[in-house]
Amino acid sequence: MSTDVLVTIAHVRAAGLCVHGTRTWFARQGLDFRAFLARGLPASVLLATGDAMAQRVVEVACRDAEEPR
């Protein structure tokens, strides 16, 4: 799993997670949700939380990055 992949809100949705819950999760983790919406975050930042849902979203982002365009 690559930690340099950029994770976006589209990956959160593709992982089956809701935006409202994600906003709450970001607040609990001390992460800037608005910045995430605007620019995304490196997978390494999400993985550093140690959260299983963050790992799920990163896995979706990594699969998306591997797909040929």
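Report follows, based on the coordinates. (Residues numbered from 1 in each chain as written. Predicted model: local features only at pLDDT ≥ 70, side-chain atom pairs only at ≥ 80, totals over all residues. Heavy atoms only, no water.)

1. Things to note about the nonpolar core
Formed by 19 residues in total, the largest nonpolar core has its most connected members in Val7, Val12, Phe26, Phe36, Leu46, Val57 and Val58. Elements supplying a minimum of two residues to this core: α1 (9-14), α2 (19-29), α3 (33-39), α4 (43-47) and α5 (52-66). It is α5 that provides the largest number of residues to this core, a total of 6 residues. With residues near it in sequence (within four places) discarded, Phe36 still touches Val7, Thr8, Ile9, Val12, Phe26 and Leu41. (Core = buried A, V, L, I, M, F, W, Y, C linked by side-chain atoms within 4.5 Å. Buried < 20%, exposed > 50% of the residue type's maximum accessible area, 1.4 Å probe, protein only. Helix = DSSP H or I, 4+ residues; strand = E, 2+ residues; numbered from the N terminus. Contact = heavy atoms within 4.5 Å.)

2. So, the packing of aromatic side chains
Scanning the model with the defined rule gives 4 aromatic pairs in all. When the ring of Phe33 is compared with that of Phe36, the centres are 6.3 Å apart and the planes differ by 40°; the resulting orientation is tilted. Separated by 3 residues within a single helix, Phe33 and Phe36 lie in helix α3, roughly one turn from each other. Each of the two residues, Phe33 as well as Phe36, counts as buried. (Phe/Tyr/Trp six-rings, centres within 6.5 Å; stacked < 30°, edge-to-face > 60°.)

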